Structures are given as structure tokens and as C-alpha cells.
Amino acid sequence: MVPFFSVAQDDSAVKAADDKEIEKIEVIGMRGSVITSQELKRQANTVKDVISADDIGALPDKSVTEALMRVPGVTIERFASSEDPNHFAAEGTGVVVRGLDRVRSEINGRDAFSASTGGGLSYEDIPGELLGQVEVVKNQTADLIAGGVAGTVNLVTRKPFDSEGFFGTASVKGSYGDHREEWTPIGSVVVSNRWESAVGEFGALVAASSSDYKDRGDGVALGNYYERSATAREMPQFGNYGTELAHYKGQTKFVPADASIRSADSERERRGLASSLQFRNTDKTLEIVAEYIRSKAGLSWDERVIQQGEQGFNVSPNQVQVSNATFDSNNFMTAGTLLMNNRSLAQTRWRKTDQVVEDSSLRLTYSPIEKLKLEFDYQHIESAYDVVDYTINNSFENNDLTFDINGSKPMVDFLGKNLTSPLAPAPYSEMYLNSAMDKEDDTDAEADSFAFDGTYQLDHQWLTSVQFGAYASTKEQIKRDSIWNWGEMANGTWQSYADGGQRTAHTGTAAVPGHPELYEAYTFNANDFHGGGVLGRNQSILFARIADIRNWQDYHTNNKKAGFATFTQLRDRNCVTLAGECEMDGAYLPSEISSSKEERREFYTQLNYENNDLTYPIRGNVGLRYVSWQVESSGATQFPNAIPSWDSGTQAMYTAAQLAYQNALNTEVIHVEGDKYTKVLPSFNISVELADDHISRFAISQNIFLPNFENFRYFRTISESHTSPRGPNGEALPFANIGFDGVSGNPKNIEPEEALSIDLTYEWYISTSNSLTASLFRKELKNLIRQRLYVEDVTNELAKVTMPVNFQTDTNEGSGTLQGFEIAYTQFFDQLPGLWSGLGIQTNYTFIDQSNVDDKVGFGAGSGGLGGRNRFRAFNNLPLPGFSEDTLNLTAMYEKNDISARLAWNWRSEYLLTRRDADLFAPVVAEPTGQLDMSVGYHLTPSIKIGLEATNLLDEIIKTKLIYNQAGDTTLRNQFKTDRRLGVYVSAKF
């Protein structure tokens, strides 16, 4: 008897018609990798691309994420997150497939789950050395777990039975960043073996990986531009008297409010372990695979920034005048001096993120009769995600600056009196401690899933087999997520500085002692910063000490004992409940802790068909998948902090009810159960062999993308909202438009996003390693998850006061379509003579268009938030974040004798990063960008290889711009420079 699972792979179409085993393709070098990937794509039962094991790491890709950017239709993010465009990441972070980030992540066909913000897998945290292949499934079949509206990325780990017998490989690499000027180590080892016994065959595999990366990134930026005219009205809170420039009477000009520079040193650590035990009995009717995967990843960075002290929505343009200015044809300032009558910040920030994922699984495959295969699968995941983020701002007054953006790089020169010599003999530095901010996140999550799959072979001319199965999973998360806790540092008892600050001098005098222990000088070197050519001269600034920030609690405790700081860090806040005082959980108020749970049940059936006797042979599948999804979450409500009793002037601006409402109350925890969601998802796939090696494929399916824990976890945070108007002469007036805003989760009625996906492909497999493929695709989207405002009357039970609150939450609103095409070509030039026959190329291009997907509403209307931040530049009709119309990959390969080399260029067109920048509150667009990478390897012996690789060979500058108005005009924002990276390695197989 020949057991069914010995002749069938994950794709039923791989099964040979005469039940003979598939011939194993030996993977040797780049060509072998291409052959394997091409064959898996050809035999797939839907639209799919595959990266084989030799591809992962063949280029100097530091993670799975960066390997994925070579796949047609896939783009990656290069910022810390799409919502944080002020921090460039030295390596890829997020994955977008065909313009959508709604990607389902899997490991070995199972759910990939973590405690991180989105709840999915961070591909950049998985070392590529642990994997056998990566599949990018772009359409759906009924036997796949639902969830990949954009696509499904499946990471397939190595197994003992992948090799004929004993197999081992080890590699050691040194990686050097030319901007950071440091070497870091990378190493991996894989050992696998299999043994025959009286009861069957056993196999064991252990793979381990360790990598460290250190990078430096420099950024230079301009702040928001503002209209400067007699009729400007964007900032009414500063008086309805216009913002006309003194030297440009009667004219309309557009001027930025500041420029900034930043430098960050980042350190990334990864530790990965994958182990697998495999057993197959003697008659090959039973197979058991037990796996354990552990990924531990940490990222920390130290950052120093000189920037404007006010956020974009709260800048008074009239505090900035200009001299020696030049303007472009649209009257936007391109060079000159900004005369700043306000404060600037020297910001020191330390952020550290740690994530651990442990994935244990057991799969049993049993074939009781020749035609039937039964598969039982269990998976358990535990994950932890921890973040600490600490900031101290020093402040200095009257920071005039010059800038010039007419050249290839923006040029900036800060002109403050003591900025270039903060330790000068003047009795006081202009620097003083201004404010601090801390943020912490401690999340734990776990998941259990069970799956059953059955396949029964049919004796039919057309129908080859029927598949059926069920899937059940339960995911739980406990999230402790603090506010961004900002507060002033100075306690007001120091001698007032003439320009309004509180003086904490570095040098000091006998009357006003200095505090040199609080500062360290840091120099932005004009010849080195951003590669040179940006700063007019060295900029030496007094920053808070990095060592103090890393020792956060002791630093603030000691400052308070010394009597020169009033900042209340997270762990020392007051906690108010109806019963009086309450205990905090470390740094977290009860309202900052939520527990959430997701349960899903799925059932499917699928018919597989094939007919090779037709003029044009066909094969494919048709199926239905039923999905049931429900969530529940528990959390509390946080009311605004009280106005201090000593601030009688501020208290006088509020009514008695408004004051009472602001009492920092933490409510009792409530439990919310969401509505049950059910959906039937049909799918149909057909592949037609038009001629030998010419295949056309049509796929159509419905799919869903499930909201993540951030969308539905229950919490409500309420804050006071007002505007701060000024009179005709700029004098401060009482607060106006006082109200209350809130942010909340939405466990009650949020639903999955839905999509109808259609693909039509043409695939020409010219030879085993050469191919030309093209695909037309379309996605019809609905139930898009977007942030919207709603108003709810909320009662503060402690104050016995009810107020309307404008809440911002995630909900389903919006629909539209994405459509486009992909084309890919691979060619090895074997026909060329001699050494030239080792040449080859790979190239692919993707174009995507969108219709009606733009957000026509934006953030909507509300009370506006503090200073009107919610209304400031909240444009509508913005595209989907992460969506690029064009993506291009060009790769030149060479492999001959003992030499292999690859030169790869990846490029994507501009795309929207975020609708709301966290500092400037304007939309941010990433400009088109490309990256050139290289690798060269040489086999010293058949089993030992040495190599050289380089990343970002052209020293690409990453640029972003701000959307200025509803019409879509843009202005310069950031230009980032990070390391070009050089790596040398040696690897051995044994």
C-alpha cells in the first residue's frame, strides 16, 4: 500500500497523476534556488510566489522582511512604524502586498501570533537562517485559514526529513556600518539527522541563529510651512490679525516655523531557535512532527534632537520672522534666516523594545486506507512585548537659524548665542531643564489552536479528491499601556531667566548654583553629520545624560530629593477611584490595563479537479469556508487630571461642572462582548495548460481580514479640550471652545474587512530555471477599518457630572477597489560562450491603481482636542497608507564554477506614510526611493564558502514631505541618512 501523504504535498496539484513520488530537485546555488521556487509556483493550486531557502540570506538581507521585498507585488516599510515618520529604521519593518498591509502571517501553515501592537508576526524578528522557504499566497483557497485580504505569508521552517541523512551547516558573519563605524557579529548553525529503526524512521533538527546590528541614522527636517499674509486664518487661536511678514507688506508668502536635526544610534539583537522531531512508521501510514520555535528580538536607540518647542497645531507663526529670504515661484521660502522669538528643545530620548515569541506545535498525519489522509494539528503560542520610552527636553530661547534647501541636501545653521559653546565663561548657559515624558507598554499574549484536515482521493475522470476540515483558535491578551506622560521639569523656584525659562545653569554662580551633573555636551559634527554638507558649522549642545535616562526612576528620585524637579513619572502618579485611592500595577493605572479575547471557528470543504486528456489540460479547485468570529474585552475609563488648586487663574476659565469633571477618576472595570460575526467564503481556482510550459491561471475568492487587538480592546481615555485664543496684539485670552475628547477601543460592533480577489495570470516556463510570468489582479474592498469620531454622554460618578465626549475609535467605514498588474522575468544565459554563460537576470515590476479607496471623511468633526489639534490639517481624500503605484526589482546574477554574485536594485514610488504626524499633525508622504545591494561568494572547497556583501551601496537618502493643504501641495520634511553596510562571511556545510 502506498500511503496518500507520501505522494501529496501541501498543494494537491503537486500529486503525480500515476501516484509516483515527485522527483526531488537538488538545490545548488542560485540556479537551484530559482528552480525550486519556479517549480513550487508552477505546481501551486492558486496564485503564489515562493522564496527558497537559498534565497534567504543570499542577498545581504538582514531579515525575512527584506528578503520579501524581492517578490513581485511586495513592498516593505523602512520607518520605525508607518505612524512614526520621524524615525527611520535601518532595516525593513512592515510588509505590504499589492498595496495593502492586511497580510496574514503564518508559520508552517499555522497562525503566527505575537503580543506586539498589531498582534501579528514581526517578520523582521525571525532570522532567515531558520527557514526552509517563504510562500506569498496572493489569492485564496478554501483549505487556507482565512485572514489574508492582501495575501498570506507563510514561513516554512526546516525539517529533518528535508535532507537525505545527516546535514549540518554553520556560518559566521561580520557586519560593518560605515556611518556607525562598528562591526557586529552574526552566526547561525543548523544540524539535522535521521535514523532507521524497527518501528520506523526518526529525525531531529536543531537550528539556532544570533545576530546583532548597530546603526546610526541622521536626519534633517523642516517644520510645517504656514501662510504669512494679512488675511491668514489657519491659526485663529493666535488672533485674527493675520501673519504678514514685516518686510513683505501686502504679499502672501509661505514660511516654515523651524528646522531640526537628529541623530540616533540603534542596536538590534535577535536570537532564534527552531527544533523539530519527526517520525514516520515503517509502512508510511503515520507521521508525527513536533516543533518548537523561539524568537527573541530587541531594539533600542539613543536619540538627540534639536527641534521647535511647540507642536505643529500650536505654533504662532508671528513668533517667526525672516531675513535674507529667497522664495520659489509659488512663494514658498527656500533659503534665509528664521528669527525665532520662542523656545527650542534639545531632546534626549531612549527607547527599548523587547519581544519574545515561543511557538510549540504537534502535527499528526494518518492514512488508515490508501485513499484517505487525516491530519490533526495543535499549536500553542506564548508571547511578551515590552517597551520603555523615556525623554528629557532641555530648552533654550531665541534659537535663530538659517537654512537652504536649494541644493541636493538641505543646509542648516543654528545661531543661538551660546549654542556652539555651552561651557563658555558666561555665568549662565541659555540651557535649562524644560520637560520630561515617559511611556511604557507591557503586553502578554497566548494562543491555542486546533486544526483537523482530511483528504479523500476520488476515482473520477475529473474529480481527483475532496478536502474537508475544521479550525478553532482562542487568543488572549493582557495589555498594560500607559499614556504618553508629559510634565514640566523645573519647579518654578529657580531664578527666572529673562526670556521666560527657568535657569538650571551648567556653570552657575554662588547665588544660583549650576548642576553640571545633569548635562553632557554632544557635538553634531559638520563634516560627519548626515555625511557632511548639512550643518554650517559644528553644533555643540548640552543634552540630558543618556545614562540618566536609562536609569529613569533613580534619576527623578534624586532630582526631587535635590529640590530641582517636579516631574511626576508614571509610577508615582495618583490613582483615584470611587472608593478613594487605589493601587497601581507598576507604571499603570487600572484604566491602562485591558484584557481581551478572540475566538474563531472555521469549517471548509474543497473539491480538487484535474483532466489531462483535454486539448488544453486543466486542474484546479472549488470550495467554501465558513468563518465564525467573536471578541470580548474588559477595561476601564480614565477621566482628565484635575486642575491644580494653586492654578487659580486656569481654574477660573472653567465652569464648576467642568472643573469637577476633571478629577482623574479611574472607573470600575467593565466587560464588553462583541457581536458575533459569521461569513461564508467561496473560492474558485483553475489552471489551463495552453501549450507545453504555457499556463494560464484564473482565481477568484472572497476573504476577510480580522481586526487586531488594538482595534477591539476596551479602554476609554478622556481629556479636556480647548483653544487658547489671543487678542489683536497677541495677548492671551481665556480658553475658548472648552469640551472633552476621548480615545476608545471598539469591541462591540467592529467587523472584519472583506475583499473579493480576482487574478488572471499567464505563466511561461521557458526552461527549468527561466520563466516569464504576468498577472492581472483586482480587489474589491469593503468594511475598511478607519478611525472615526462619535459623541457619547459620559457620567463621572465621583463628580456626579455628565458631559458629552467626542470619542475617536476604529470602526468599519469605506470601500473601493485596487487593481493592477505584475510582470516577472528570469533568464540564465546558458547559450553564451565560456564564462559568460554564468550570467542571469531576474526582474519584476508591479503597477497598482486604486479607485474610491481614498478616505473621503478624514477624522471628521469634534471638539478639536487641545489647541484644536484634531482639526489642524485633517485633510480628507487621502490614499491608503503604504500604497505605492509602482514597484521595481532588477537583479543581475552570475554563477559559474566556484563564484556566485548578485547585484540587486529595489525601488518603489511615493506613498502616504501617515495621515497624522505625531509632532506636526500633518500628513506625511515618503518620496520615491531605491536601494542597491550586492553579494559575492566563492567556494574554497565544495563545502566551505566565503563571501562579501554590501547593503545600500549608493548611500540612498530617504526623503519625506508634508502635505500642506487639501489640494495636495507638499513641502520638504525629513531627509534621513543611515549606514551603508558591509559584511564578510564564511559558511560551511558538513
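Asks: How should the overall build of the chain be read in this particular structure?
Replies: Tallying secondary structure elements over the chain gives seven helices and 52 strands in all. By the burial criterion, 57% of the 990 residues in the chain qualify as buried. A fraction of 74% describes how many contacts in the chain between residues 6 or more apart in sequence connect residues 24 or more apart. Within the structure as shown, the chain displays about 38,800 Å² of accessible surface, and the carbon and sulfur contribution to it stands at 54%.

Asks: Teacher, can you tell me more about the sheet that holds strand β22 (residues 411-414) here?
Replies: Within a sheet, adjacent strands bond to each other through the backbone by hydrogen bonds, running parallel or antiparallel. As summarised here, the arrangement of the four strands in space is β17-β18-β21-β22, forming an open sheet in which the pairing is antiparallel. Because the sheet does not close on itself, it has two edges, and the strands there are β17 (320-327) and β22. Recorded for the sheet is a direction-independent mean angle of 10 degrees between the axes of neighbouring strands. The sheet contact formed by strand β18 (residues 333-340) and strand β21 (residues 401-404) spans four bridges and is antiparallel.

Asks: Sorry, what's going on with the confidence of the model for the chain here?
Replies: The predicted coordinates of low-pLDDT regions are not to be read in fine detail. When pLDDT is averaged along the chain, the result is 86; 87% of the residues meet or exceed 70. Residue range residues 491-507 is modelled with pLDDT below 50. Its contacts to residues more than four positions away, or to other chains, number 47 contacts.

Asks: Whenever I open this one, the nonpolar core confuses me. Can you help?
Replies: A general feature of soluble globular proteins is that nonpolar side chains tend to end up buried together. Ranked by internal contacts, the top residues of the largest apolar core, which has 35 residues, are Leu68 and Val134. Elements supplying a minimum of two residues to this core: α2 (64-68), β5 (95-97), β6 (103-107), β8 (131-137), β9 (151-157), β12 (200-222) and β39 (771-782). The next biggest cluster of nonpolar side chains, apart from the first, holds 33 residues, and it includes Tyr248, Met333, Phe403 and Leu535.

Asks: Hey, could you run me through the pattern of salt bridges in this one?
Replies: Enumeration over the complete set of coordinates arrives at 68 salt bridges. The network of salt bridges with shared partners includes Lys41, Asp49, Arg98, Lys138, Asp759 and Glu822.

Asks: What's the story with the pairing of β17 in this structure? I'm lost.
Replies: Sheet faces and side chains relate simply in a regular strand, where the side chains alternate between the two faces. Of the strand pairs in this sheet, β17 and β18 are connected by six bridges, and their pairing is antiparallel. Residue pairing in the sheet places glutamine 321 in a bridge with leucine 339 of β18. Where β17 folds back onto β18 in an antiparallel hairpin, the turn is made up of five residues, including asparagine 331, whose phi is positive at roughly 70 degrees.

Asks: Mind showing me how you'd approach the side chain of arginine 981 here?
Replies: Tracing the sequence through the fold places arginine 981 in strand β52 (residues 981-989). In this structure the side chain of arginine 981 is engaged in a polar contact, spanning 2.6 Å, whose partner is the backbone oxygen of lysine 214.

Asks: What am I meant to see in unusual backbone geometry here?
Replies: In terms of backbone geometry, most residues other than glycine have negative phi values and most peptide bonds are trans. Despite not being glycine, asparagine 331 has its phi angle at roughly 70 degrees, a positive value. Mapped onto the secondary structure, asparagine 331 falls in the loop between β17 and β18. Backbone geometry at aspartate 693 places phi at a positive 70 degrees, although glycine is not the residue there. On the secondary structure map, aspartate 693 appears in the loop between β34 (677-691) and β35 (694-705).

Asks: Is there a simple way to explain the sheet that holds β8 in this structure?
Replies: Judged by pairing direction, the sheet is mixed, and its five strands sit side by side in the order β1-β8-β9-β6-β7 without closing on themselves. For this open sheet the edge positions go to β1 (48-52) and β7 (110-111), each flanked by a neighbour on one side alone. Two strands pair when backbone bridges link them, and β6 and β7 are joined in this way by two bridges, in the antiparallel orientation. Looking across to β7, one finds that isoleucine 107 is bridged to arginine 110. Against the sheet, helix α1 (residues 29-43) makes contact with β1 and β8, and its axis sits at roughly 155 degrees relative to β1, the strand it touches most.

Asks: Is there a simple way to think about the packing of aromatic side chains in this case?
Replies: Each aromatic ring pair is specified by the distance between its two centres and by the angle formed by the two planes. One pass over the full model with this rule turns up 31 aromatic pairs. Taking 4.5 Å as the distance between ring centres and 10 degrees as the angle between the ring planes, the aromatic pair formed by tyrosine 390 and tryptophan 552 counts as stacked. Taken together, the residues tyrosine 390 in strand β20 (residues 372-397) and tryptophan 552 in helix α4 (residues 552-562) connect sequence positions 162 residues apart. When sorted by exposure, tyrosine 390 lands in the same class as tryptophan 552, which is buried. The rings of Phe113, Trp629, Phe709 and Phe712 are connected pair by pair, giving a single aromatic cluster. Between the NZ or CZ atom of arginine 873 and the centre of the ring of tyrosine 226, over which it lies, the distance is 5.1 Å. The ring of tyrosine 911 has arginine 908 lying over it, and the distance from NZ or CZ to the ring centre is 3.6 Å.

Asks: Looking at this structure, I do not really get the side chain of aspartate 855. What am I missing?
Replies: Considering the arrangement of structural elements, one finds aspartate 855 in the loop between β43 (839-851) and β44 (886-896). Using a relative accessible area of 4% as the deciding quantity, one classes aspartate 855 as buried. Within the structure, aspartate 855 has its side chain in polar contact with the side chain of arginine 788 (distance 2.7 Å). Look past the residues within four positions of aspartate 855 in its chain and what remains in contact with it is Arg786, Arg788, Asn876, Asn877, Leu878 and Arg915.

Asks: Any chance you could explain a nonpolar patch on the surface here in plain terms?
Replies: Together, Val172, Trp183, Ile899, Val936, Tyr938, Leu940, Ile944, Ile946, Leu948, Leu982, Val984 and Val986 give the surface a local cluster of nonpolar side chains, amounting to about 950 Å² of exposed area. If you list the elements that add at least two residues to the nonpolar patch, you get β48 (929-941), β49 (944-951) and β52. Along the chain, the position of leucine 940 falls in strand β48.

Asks: Looking at this model, I keep getting lost on the environment of tyrosine 522. Mind explaining?
Replies: Position of tyrosine 522 relative to the elements: it lies in strand β26 (residues 519-524). Put simply, tyrosine 522 and phenylalanine 543 are 21 residues apart on the chain and 6.8 Å apart in space, counted from C-alpha to C-alpha. Here tyrosine 522 is in contact with Ser263, Arg304, Gln539, Ser540, Ile541 and Phe543, once residues within four sequence places are set aside.

Asks: Whenever I open this one, α1 confuses me. Can you help?
Replies: Three or four residues apart is the spacing at which side chains of an α-helix point the same way, because the helix has 3.6 residues per turn. The end-to-end C-alpha distance of α1, which contains 15 residues, comes to 22 Å, matching closely the 21 Å that a straight helix rising 1.5 Å per residue would cover. Within the sequence span of α1, burial applies to Met30, Gly32, Ser33, Val34, Ile35, Thr36, Ser37, Gln38, Lys41 and Arg42.

Asks: So what exactly am I meant to see when it comes to the environment of isoleucine 76 here?
Replies: Relative to the helices and strands, isoleucine 76 is located in strand β2 (residues 74-76). A relative accessible area of 6% means that isoleucine 76 is categorised as buried. Expressed as a C-alpha distance, the spacing of isoleucine 76 and threonine 93, which sit 17 residues apart in the sequence, is 6.6 Å.

Asks: What is the right way to read the pairing of strand β40 (residues 785-796) from this model?
Replies: Looking at chain direction, β40 and strand β41 (residues 801-812) are connected through 12 bridges and run antiparallel. By the bridge assignment, valine 791 is partnered in β41 with asparagine 806. Counted along the chain from β40 to the antiparallel partner β41, the turn is four residues long, and its residue lysine 800 has a positive phi close to 60 degrees.

Asks: Whenever I open this one, the environment of leucine 372 confuses me. Can you help?
Replies: Within the secondary structure layout, leucine 372 lies in strand β20. Here leucine 372 falls in the buried class, since its relative accessible area comes to 17%. In sequence terms leucine 372 and glutamine 467 are 95 residues apart; their C-alpha atoms lie 9.9 Å from each other.

Thresholds, definitions, all that
Numbers given for residues are sequential positions, taken from 1 along each chain in its written order. Given that this is a predicted model, residues contribute local features only at a pLDDT of at least 70 and side-chain atom pairs are listed and counted only at 80 or more, while totals for whole chains, interfaces and linings are drawn from all residues. Calculated side-chain values reflect all of the structure's heavy atoms, with hydrogen atoms and water omitted. The numbering of helices and of strands both runs from the N terminus, where a helix is a DSSP run of H or I of at least 4 residues and a strand a run of E of at least 2. When a residue's accessible area, from a 1.4 Å probe over protein chains only, is under 20% of the maximum for its type it is buried; when over 50% it is exposed; and in between it is partly exposed. Pairs of residues are marked as contacts when any of their non-hydrogen atoms sit within 4.5 Å. Where accessible areas are quoted, they stem from the Shrake-Rupley method and a 1.4 Å probe; at the residue level, only the protein chains shown are allowed to cover. For two strands to pair, DSSP has to find at least two bridges joining them. Angular values range over 0 to 180 degrees, each being the angle between N-to-C directions of two axes fitted as lines to C-alpha atoms, with helices fitted over their stretch in contact. Each residue gets a pLDDT score, which is the predictor's confidence in that residue and runs from 0 to 100. Definition used in this section: a nonpolar core is a set of buried Ala, Val, Leu, Ile, Met, Phe, Trp, Tyr and Cys residues joined via side-chain atoms within 4.5 Å. Criterion for a salt bridge: a side-chain nitrogen of Lys or Arg within 4 Å of a carboxyl oxygen of Asp or Glu. Think of a polar contact as two N or O atoms within 3.5 Å of one another; within protein, one of them needs to be a possible hydrogen donor and the other a possible acceptor, and neighboring residues in sequence only count if both atoms come from side chains. Ring pairs are drawn from Phe, Tyr and Trp, using the six-membered ring of Trp, whenever the two centres fall within 6.5 Å, and their geometry is named by plane angle: stacked under 30 degrees, edge-to-face over 60, tilted for the rest. To sit over a ring, a charge needs its Lys NZ or Arg CZ within 6 Å of the ring centre and within 35 degrees of the ring normal. The residues that make up patches have over 30% relative accessible area and no salt bridge, and they are joined within 9 Å when like-charged or within 5 Å when they are Val, Leu, Ile, Met, Phe, Trp or Tyr. The length a helix should cover is 1.5 Å for every residue beyond the first.

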